[in-house]
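The chain contents come next:
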Amino acid sequence: MYVLSAIISLTLLGLVLGFLLGIAAKYLKVESSPIVDELESLLPGSQCGQCGFPGCRPAAEALVAGKAASTICPPGGSALAEQIAALLGLELDLSAVKEPELLVARVSEATCTGCTRCFKVCPTDAIVGAPKQIHVVVADACIGCKKCIEVCPTECLQMHPIDVTLRNWRWTKPALPVASNAVC
Amino acid sequence: MLKIYLNTAELIPDGVAKALKNFLYLPFFRSFTPYSESGSDVFKRLPDFFSKPRIRGGVHAEQHKAATATQAIVTNFPLPKKLYIPLQQHVGKPAEPLIKVGDKVLKGQLLAYSQGMISAPVHAPTSGIIVDVNDYPAPHPSALPIRMIVLETDGKDKWLATKPVADPFLLTAEDISLRVGAAGIVGLGGATFPTAVKLNMGRENQIDTLIINGAECEPYLSCDDRLMQERAEQIIDGVRLMLHGMEAESAVVAIEDNKPQAYLAMQKAAEPYPLIKVIQIPTRYPMGWDRQLIRYVTGKEVPVGCRSSEIGVTIHNVGTAHAVHKAIRYGQPLVSRVVTVSGGAVARPMNVEVPLGTLLSELFDFCQVNPEQTARIIMGGPMMGDSLPHTGLPTVKATSGILALTLGELKNTDEQPCIRCASCISVCPAGLRPLDMANNIRINQLDIAVDLGLKDCISCGCCSYICPSNIPLVQYFKYASGEVAARQQAQHKSGQTKRLIDDRNLRMERIARQQHEEELARIAAKAERERLKAAQEATT
Ligand code: SF4
Ligand code: SF4
Ligand code: SF4
Ligand code: SF4
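Residues numbered from 1 in each chain as written. Chains lettered and ligands numbered in written order. Predicted model: local features only at pLDDT ≥ 70, side-chain atom pairs only at ≥ 80, totals over all residues.

**Q** Break down the overall build of chain B for me, with residues and values.
**A** Helix and strand counts for chain B stand at 17 helices and 16 strands. By the burial criterion, 46% of the 540 residues in chain B qualify as buried. (Helix = DSSP H or I, 4+ residues; strand = E, 2+ residues; numbered from the N terminus. Buried ≥ 20, exposed ≤ 12 C-beta atoms within 10 Å, placed from the backbone.)

Put into structure tokens, the structure is as follows:
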């Protein structure tokens, strides 16, 4: 008898609470904020965590909540900071943004064993190769997330700065004159 | 322009003429009409001064042309031991080499063929042996490596058998374009756009006026001037061939009025052809900018983002016309060009015809450049040319001049605060507000600079030239244009990255689903097997 009443009361309790939870889920549903979605689509989406948040979406939420500055994403650089500031209507102080030093991974052919581990973790499929073959990184597709570096058993993957060629060479900004009041 | 005033001075007293001249140089009244030989009465022109100006902006830069413009083109340049021939000397895709290291080639032989729609082939500038195809420093401010063919000359300078055409006017227009394209001819004024593509565009858009640009408005340079003085007939022949190739009727050769001899020579050469008009235009930098020249000659404005051929005008350089003449009449590809070597550090300034790929160091030895005095080496003119870091770089199709300037010839770089004199605004040929753009670029507000018209800036350098405070305005615009391009690239890349990541995630999901399904199928198959086995056991 005791057993039966325990079963019945617990079942009832479960049903009632479940019902309440169901109602709560329906009526108290938190809409995903469209601005967060939009911000998230601006962010690189590689979930690299360099901003100090566990991923791009939490970073977007922090931005919307005003808990983060528009310059938070290091890989995005000033171009992204400008876009974020424009979207959120923020004042932007670009002096704090360091242009990210872009790095790409490169495989050293001498030590690659063709274990395919890097190939499996690369989020952008920037690594091509086959088992027991030397792998190679397609520099144009690599976003410098360093995931492959962590898994390579022979440390043959290393980050290198992007080669400067005539295609991506740019003029530098003229230096400000020494007497810095000379701003017109 | 000065001539008009000289003529006027005969009619009115000196002081009045002077006052009038100053008055007419005020920005509001800056307006000129083509100068005619007969001279003109300035008062008749007055109504013009209130109409839309035909020249916008520009500066009167010091000429520095006399040292080279008075001597004949030097043609006995000693053949260098090695030539470094870049595969990309034009706008568009680089050419693709079809020779191997060790091949023997003759002068004019095809070394690399053009790739794709907008490209140009490269030919051997002399006979010799190919010793390398590799990366060497490019004639570019960064001197970064690009692919080059290295040709060791054999000193014989032996031509490949060429096929001269008896009467090129019997060729079809398409054939002319093809031959011009195969000769590797590109715009020799410095734009290096493949000429054949331009001829085709001209034919498709039914050009009514071909303008031949003999302005040569950059200081120091005089290679086009000399070419017009010495080879006027060939140039006019080239113009006629281009007209034929574009199925166009009339051409206007526009020459700045600081080159009276070139003007006379060209006029004489063009006399038999009434449809080729030779006119003088005022001397004013940047008169040779295509849009400025078109506005001046035809009165039409090329809309932003349009090509000039869309309004029925196309523009070619005199050097290009000369190259077309050689290519069509004699079947000779573009393998050499006339280069002005000048500047304060040059002991023997001259115009010299050199094979493409000649290193600057050889050119400088020949012209006796004093390296101690040389403060800056510039390829092209001093206003728009590129400053080069060293002399181990080759001359290319675009090289109209090489300048070795002394410290005294460089602009004072002692930057002072802007005094808001607006000189930069009145000289800007593109009608921009350089000071506003520079201010915004300084604080990294590139978007605002783009809104102010950064993309229409032609980097002519007038604003920097005129600025009394020595503000490096054009350097700001070059930096900003590069930065804007870089940001566009970065955005493009992040778009691509997102696509790659999404694709990968989809693939991973698909693989996981497949594996899951296979797993289920395996379990089902196992259950089925066991059931069958059980059934079998039951029956036995
Ligand atoms: S760093 Fe490695 S894992 Fe990351 S994108 Fe580049 S190649 Fe792929
Ligand atoms: S993880 Fe390292 S060793 Fe393995 S395939 Fe990649 S690069 Fe080669
Ligand atoms: S010319 Fe120089 S000083 Fe004058 S307004 Fe322009 S930037 Fe300022
Ligand atoms: S460099 Fe640009 S902004 Fe300056 S005068 Fe020339 S077109 Fe105008």
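Back to the write-up after that little detour.
**Q** I'd like to hear about the domain arrangement of chain A, residue by residue, with values.
**A** Partitioning chain A into domains gives domain 1 (34-96) and domain 2 (103-161). Measuring from the centre of the C-alpha atoms in domain 1 of chain A to the corresponding centre in domain 2 of chain A gives 28 Å. (Domains from an automatic or database assignment.)

**Q** So what about the packing of helix 8 (residues 232-246) of chain B against helix 9 (residues 260-270) of chain B? Which residues, and what values?
**A** Residue and element names in this part refer to chain B. Look at helix 8 against helix 9: their axes get within 9 Å of each other, and the N-to-C directions meet at 55 degrees. In this view, helix 8 runs oblique relative to helix 9, as classed from their interaxial angle. In terms of crossing hand, the pair formed by helix 8 and helix 9 is right-handed. Facing helix 8, whose interface residues are Ala232, Glu233 and Ile236, helix 9 presents Ala265, Met266, Lys268, Ala269 and Ala270. For the contact of helix 8 with helix 9, the residue count by class is six nonpolar, no polar and two charged. (Axes fitted to C-alpha atoms, helices over the stretch in contact; angles between N-to-C directions. Parallel < 35°, antiparallel > 145°, perpendicular 65-115°, else oblique. Left-handed = near helix turned anticlockwise from the far one by under 90°. Contact = placed C-beta atoms within 7 Å. Nonpolar A, V, L, I, M, F, W, Y, C, P; charged D, E, K, R; others polar.)

**Q** Residues and numbers for the interface of chain B and chain A, please.
**A** Residue-level contacts link 32 residues of chain B with 26 residues of chain A. Of all the elements, helix 17 (residues 473-539) of chain B adds the most residues to the side of chain B that touches chain A, at 16 residues. Each residue belonging to the side of chain B that touches chain A can be placed in one class, and the counts come to 13 nonpolar, ten polar and nine charged.

**Q** So what's going on with unusual backbone geometry? Which residues, and what values?
**A** Omega for the peptide link from B:Tyr285 to B:Pro286 comes to -5 degrees, which places this bond in the cis form. Examined against the element boundaries, B:Pro286 turns out to sit in the loop between strand 10 (276-281) and helix 10 (290-298). Backbone geometry places A:Glu155, a non-glycine residue, at a positive phi of 55 degrees. Among the structural elements, A:Glu155 can be located in the loop between helix 6 (147-151) and strand 4 (157-161). Residue class for A:Glu155 comes out exposed when judged on the 9 C-beta atoms lying within 10 Å of it. The phi angle at B:Tyr220 is positive, at roughly 75 degrees, despite the residue not being glycine.

**Q** How would you summarise the sheet that holds strand 4 (residues 110-113) of chain B if you had to cite specific residues and measurements?
**A** All names here are of chain B. In space, the three strands of this open sheet follow the order 2-4-5, with antiparallel pairing throughout. What marks the edges here is a single partner per strand, and that holds for strand 2 (96-97) and strand 5 (122-123). The sheet contact formed by strand 2 and strand 4 spans two bridges and is antiparallel. Bridged to Glu96 within strand 4 is Tyr113. (Pairing = 2+ DSSP bridges.)

**Q** Mind laying out the sheet that holds strand 15 (residues 386-388) of chain B, listing which residues take part and the relevant values?
**A** All names here are of chain B. With mixed pairing, the five strands of this open sheet are ordered in space as 13-12-16-14-15. Looking at which strands have only one partner, the edges of the open sheet turn out to be strand 13 (350-355) and strand 15. Neighbour to neighbour, the strand axes of the sheet diverge by 30 degrees on average, direction disregarded. With respect to the sheet, helix 7 (residues 223-230) is in contact with strand 12 (336-342), strand 13 and strand 16 (401-405), its orientation differing from that of strand 12 by roughly 125 degrees.

**Q** Now, about the confidence of the model for chain A: what can you tell me, with residues and values included?
**A** All names here are of chain A. Confidence along chain A averages 83 in pLDDT terms, with 92% of residues attaining 70 or more. When mean pLDDT is taken per element in chain A, strand 3 (residues 136-137) scores highest with 92 and helix 4 (residues 77-88) scores lowest with 81. Considering only residues more than four positions removed or in separate chains, one finds that residues 180-184, a stretch of pLDDT under 50, has eleven contacts. (pLDDT = per-residue confidence, 0-100.)

**Q** Account for the domain arrangement of chain B, with residues named and values stated.
**A** All names here are of chain B. Under the domain assignment used here, chain B contains domain 1 (2-50), domain 2 (82-336) and domain 3 (418-540). Taken over C-alpha atoms, the centre of domain 2 sits 37 Å from the centre of domain 3. Class assignment for the residues of the side of domain 2 that touches domain 3 results in four nonpolar, one polar and no charged.

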